[in-house]
Amino acid sequence: MSWLHQVTQMFRENEAPEKFFYWAGMAAISAVARKQVVLNRFHYRLYPNIYVLIMGKSGIKKGLPVSTAKLLVERTGSTRIISGRKSVPRVIQDLGKAYTVQNGGIIHDAQALLVSGEFAAFLVKDPDSLTILTDLYDTHNHEEFWENSLKGTGVDKLKKPCITLLGATNEEHFADAVPSNAIGGGFVARSFIVLGSERGTLNSLTEKPQDIPDLSKLLDYLKMISQKTGEFKWTTKGKELYDAWYYDFYRKKYHDPTGTMNRLGDSVL
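What you are looking at is a predicted structure, and each value in this text was computed from that prediction instead of being measured.

Cut-offs and rules
Residues numbered from 1 in each chain as written. Predicted model: local features only at pLDDT ≥ 70, side-chain atom pairs only at ≥ 80, totals over all residues. Heavy atoms only, no water. Core = buried A, V, L, I, M, F, W, Y, C linked by side-chain atoms within 4.5 Å. Buried < 20%, exposed > 50% of the residue type's maximum accessible area, 1.4 Å probe, protein only. Helix = DSSP H or I, 4+ residues; strand = E, 2+ residues; numbered from the N terminus. Contact = heavy atoms within 4.5 Å. Axes fitted to C-alpha atoms, helices over the stretch in contact; angles between N-to-C directions. Parallel < 35°, antiparallel > 145°, perpendicular 65-115°, else oblique. Left-handed = near helix turned anticlockwise from the far one by under 90°. Nonpolar A, V, L, I, M, F, W, Y, C, P; charged D, E, K, R; others polar. Pairing = 2+ DSSP bridges. Phe/Tyr/Trp six-rings, centres within 6.5 Å; stacked < 30°, edge-to-face > 60°.

Turning to the nonpolar core, a few remarks are in order. If you look at the biggest cluster of nonpolar residues, it comprises 35 residues, and the most contacted ones within it are Trp3 and Leu166. Among the secondary structure elements, those contributing two or more residues to this core are helix H1 (3-10), helix H2 (18-33), strand E3 (51-56), helix H3 (63-76), strand E7 (111-116), strand E10 (162-169) and helix H7 (216-226). Here Trp3 is in contact with Gly25, Ala28, Ile29, Leu72, Leu218, Tyr221 and Leu222, once residues within four sequence places are set aside. In terms of nonpolar packing, the next biggest core, distinct from the first, is built from 30 residues, Leu53, Ile92, Phe122 and Leu130 among them.

Position of Glu74 relative to the elements: it lies in helix H3. Along the sequence, Glu74 and Val101 sit 27 residues apart, while their C-alpha atoms lie 7.8 Å from each other. The contact partners of Glu74, leaving out residues within four places of it in the chain, are Ile81 and Gln102.

Moving on, we come to the packing of H3 against H7. Between H3 and H7, the least distance of the axes is 9 Å, while the angle of their chain directions is 60 degrees. As summarised for this structure, H3 and H7 are arranged oblique, according to the angle between their axes. Between H3 and H7 the crossing geometry is right-handed. Residues Leu72, Arg75 and Thr76 of H3 pack against Leu218, Leu219, Leu222 and Lys223 of H7. Residue classes in the contact of H3 with H7 are distributed as 4 nonpolar, 1 polar and 2 charged.

On to the sheet that holds strand E1 (residues 37-40), then. Strand order in this open sheet of 3 strands is E2-E1-E12, and the pairing throughout is mixed. Looking at the sheet topology across the chains shown, the edges are occupied by strand E2 (45-46) and strand E12 (230-231). Pairing of E1 with E12 involves 2 bridges; the strand directions are parallel. Within the sheet, the bridge partner assigned to Val37 lies in E12 and is Gly230.

Attention shifts here to the packing of aromatic side chains. Inspection of every chain in the model, using the stated rule, returns 17 aromatic pairs. Between Tyr51 and Tyr137, the aromatic rings sit 4.9 Å apart at their centres with planes inclined by 75 degrees, giving edge-to-face as the arrangement. Here Tyr137 lies in helix H5 (residues 129-137) and Tyr51 lies in strand E3, a separation of 86 residues in the sequence. Take Tyr51 and Tyr137: they sit in the same class, and that class is buried.

All right, on to the environment of Phe11 then. For Phe11, the position within the fold is in the loop between H1 and H2. Along the backbone, Phe11 and Gln227 are 216 residues apart, and their C-alpha atoms lie at a distance of 26 Å. With residues near it in sequence (within four places) discarded, Phe11 still touches Phe21, Leu64, Thr68, Pro213 and Leu215.

Turning our eyes to something else, we now look at the pairing of E7. Counting buried positions along E7 yields 6 of 6 residues, so the element is predominantly enclosed. Across the two faces of E7 the burial is the same, with Gln111, Leu113 and Val115 and Ala112, Leu114 and Ser116 all buried. Alignment of strand E4 (residues 80-82) against E7, held across 3 bridges, turns out to be parallel. Bridging across to E7, Ile81 finds its partner in Leu113. For E7 and E10, the ladder comprises 6 bridges, and the chain directions are parallel.

Let us look at the sheet that holds strand E11 (residues 191-196). The strand order across the open sheet built from 5 strands is E4-E7-E10-E3-E11, with neighbouring strands paired in parallel fashion. At either margin of the open sheet sits one strand with a lone partner, and together these are E4 and E11. Direction aside, neighbouring strands of the sheet carry axes that sit 15 degrees apart on average.

Here we come to the packing of helix H4 (residues 88-95) against H5. Packing of H4 against H5 brings their axes to within 9 Å, and their N-to-C directions diverge by 40 degrees. On the basis of their axis angle, the class for H4 and H5 is oblique. Contacts from Val88, Pro89 and Ile92 of H4 reach H5 at Ser129, Ile132, Leu133 and Leu136.

So far we have only geometry, and geometry alone does not tell us how the molecule works.
In structure tokens, the structure reads:
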């Protein structure tokens with residue numbers, strides 16, 4: 001049984017869609033792996049940071065998967081957690097400061113999990129938010145530093161940035177935060193948008209569930225991932241599988257104003 005399957009099974013009696021827990025788990029793995037592991041793409045280095053946006057109508061239980069992933073990553077003591085209602089400029093300021101994790105260690109690198117129960121809160125304060133998040137996603141373009149220089153606020157310098165984003169929103173708020181004229185700006189193309197329209201297991205919770213989630217059983221794997229360093233290596237089977245998909249997919253023509261299809265190869269990896 002894979003770790004992600006363990007996560008979804010642990011919450012199988014919850015009403016949130018199973019896919020929400022799966023992708024929140026993916027974000028947790030991404031956050032603890034950070035910039036310590038890499039896939040050599042020869043022309044650039046691909047890091048495992050991802051952006052995940054859980055989307056569904058109000059009341060479909062988006063909050064628990066997000067808060068669970070946040071708590072798991074926090075307990076590993078391996079990376080920054082930036083959460084709450086903050087604008088992107090404030091996030092940049094926080095990333096530039098030293099950060100103390102739960103185990104007492106101090107992190108100087110700008111490597112973090114950005115967690116937002118309402119993703120639009122990250123974007124409504126500043127029209128440049130989408131541009132900043134898009135730029136920070138491309139970790140390989142900022143191996144040592146990322147700089148943000150503005151006349152009014154001076155220079156923000158982030159050391160070895162590697163950002164994972166996990167947010168939740170509904171379609172109305174997402175449309176406000178990412179207007180139609182910004183769809184092709186690159187942010188959407190870099191994000192996994194996980195849409196849930198149906199509840200998971202219908203459960204009134206008037207009775208105690210058969211299995212109460214025990215997050216301690218999920219921590220060992222994440223802690224192990226957080227300690228890994230080095231380069232991913234292709235297996236022969238993995239390379240053949242990816243090549244077969246890649247050449248078949250990109251020989252076809254797609255109409256895609258978001259740019260997602262052009263970036264899908266790296267997203268799959």
